[in-house]
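# Analysis of the macromolecular model
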Amino acid sequence: MDLETLRRRLDAALSDHPRVALDRSDLVSAAVLLPITDHDGPHILFTKKSEAVPHHKGQFSFPGGICEERDASRVETALREAWEEVRIPAESVEVLGLLDDTATRATPFIITPVVGIIRGPVEFKPDGREIERVIEVPLDLLRDPSIFRTEIWERGGEPHLVHFYQVSVEDVVWGATARILKQFLELVDRAEGAA
């Protein structure tokens, strides 16, 4: 599927999707950008957190962070953080819509995922403090069932599913990022089925 076909299908699927918004005073609001890039087909961009960050050290994530008072919206938070972390200019992002809010399990956050296409040439520059590197994974690979697995973990005496995407020999996307990715891929599948 090419990028423009994906954009049209996501546009329709996101507008039809009854989004789940969480509002819990005990959790901190955050937003991430789920960036779609184009290299002879759609790719999804992930950032690898450094060992210096307070949460999720060394894990893959989407660019993003905590909503600040100066941010007018979750979209603005995601775009600001994408600029701060990897130098994605806000004007290069075509925002398509929002996925369901996701609560993290090990940390006290509610994450709002913002789906956006990166338009034009952008040179991604990890800040080196929070983010150590960037990877772009082909959408076709992410949709390959052979790279996906689920485990049952226990936290606070409660079992829950943890998803894993083995995107390369050494790189694994898991946790809240994998839950957001799974929701996105299911939306892509539904959009393709409806086309």
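The structure contained in this document is the topic of the report that follows. (Residues numbered from 1 in each chain as written. Predicted model: local features only at pLDDT ≥ 70, side-chain atom pairs only at ≥ 80, totals over all residues. Heavy atoms only, no water.)

## Concerning the overall build of the chain
We count it as follows: Under the DSSP-based scheme used, a helix requires at least four consecutive residues in state H or I and a strand at least two consecutive residues in state E, with every element numbered from the N terminus. Values of the radius of gyration come from C-alpha atoms, whereas the globule rule sets the reference at 2.2 Å times the count of residues to the power 0.38. Residue burial is assigned from relative accessible area. The probe radius is 1.4 Å, only protein chains are included, and a residue is buried under 20% of its type maximum, exposed over 50%, and partly exposed in between. Whether two residues touch is decided by their heavy atoms; if any such pair falls within 4.5 Å, the residues are in contact. All accessible-area figures derive from a Shrake-Rupley calculation using a 1.4 Å probe, and residue coverage is judged against the displayed protein chains alone. Asp and Glu are treated as the negative residues and Lys and Arg as the positive ones, with His and the ends of the chain left uncounted. A charge is said to be at NZ when it belongs to Lys, at CZ for Arg, at CG for Asp and at CD for Glu.
The helix and strand inventory of the chain stands at four helices and 11 strands. Computed over its C-alpha atoms, the radius of gyration of the chain comes to 16 Å, within 12% of the 16 Å expected for a compact globule of 195 residues. With the C-alpha coordinates aligned to their principal axes, the bounding extent of the chain is approximately 45 × 35 × 35 Å. The 195 residues of the chain split such that 49% are buried. Long-range pairs, those at least 24 residues apart, make up 63% of the contacts in the chain with a sequence separation of at least 6. As presented, the chain carries roughly 9800 Å² of accessible surface, and 50% of it is formed by carbon and sulfur atoms. When the 23 positive and 35 negative side-chain charges of the chain are each reduced to one mean point, those points stand 2 Å apart.

## Observations regarding the packing of aromatic side chains
Operational definition: Here is the rule: rings of Phe, Tyr and Trp (six-membered ring for Trp) pair when centre to centre is within 6.5 Å. Planes less than 30 degrees apart are stacked, more than 60 are edge-to-face, and the remainder are tilted.
One pass over the full model with this rule turns up five aromatic pairs. Seen in terms of ring centroids, tryptophan 153 and tryptophan 174 are 5.4 Å apart; in terms of plane orientation they differ by 50°. Their pairing is tilted. Here tryptophan 153, found in strand β9 (residues 148-155), pairs with tryptophan 174, found in strand β11 (residues 172-174); they are 21 residues apart in sequence, far enough to count as distant. Tryptophan 174 sits in the partly exposed class, given a relative accessible area of 26%. Centroid distance phenylalanine 164 to tryptophan 174: 6.0 Å. Interplanar angle 15°. Geometry classified as stacked. You can see phenylalanine 164 sitting in strand β10 (residues 158-166) and its partner tryptophan 174 sitting in strand β11, a full 10 residues away along the chain. Phenylalanine 164 gets classed as buried once you look at its relative accessible area, which sits at 6%. Members of the aromatic cluster, joined through ring pairs, are Trp153, Phe164 and Trp174.

## Some points on the nonpolar core
So the rule is basically this: Residues enter a nonpolar core if they are buried and are Ala, Val, Leu, Ile, Met, Phe, Trp, Tyr or Cys, with the set joined through side-chain atoms within 4.5 Å.
By size, the foremost hydrophobic cluster in this structure holds 34 residues, and its most contacted members are Leu10, Ile36, Ile44, Phe46, Leu142 and Phe184. Considering every element that reaches this core, the biggest residue donor is helix α4 (residues 176-194), with nine residues. Ignoring anything within four residues of it in the chain, the contact list for leucine 142 reads Ile44, Phe46, Val137, Ile147, Tyr165, Val167, Leu181 and Leu185.

## What about the environment of glutamate 68?
When you line up the elements, glutamate 68 lands in the loop between β4 (64-66) and α2 (74-86). C-alpha separation for the pair glutamate 68 and leucine 187, spaced 119 residues apart in sequence, amounts to 29 Å.

## Side note on the sheet that holds β11
Just so we agree on the cut-off: Here, any two strands with at least 2 DSSP bridges between them count as paired. Angular values range over 0 to 180 degrees, each being the angle between N-to-C directions of two axes fitted as lines to C-alpha atoms, with helices fitted over their stretch in contact.
Within the open sheet, the three strands sit side by side as β9-β10-β11. Their pairing is antiparallel. A strand with exactly one partner marks an edge of an open sheet, and here the two such strands are β9 and β11. If you compare each strand with its neighbour and ignore which way they point, the axes differ by 30° on average. Pairing between β10 and β11: three bridges, direction antiparallel. Along β11, the bridge assignment pairs phenylalanine 164 with tryptophan 174.

Purely geometric numbers; function is a separate question.
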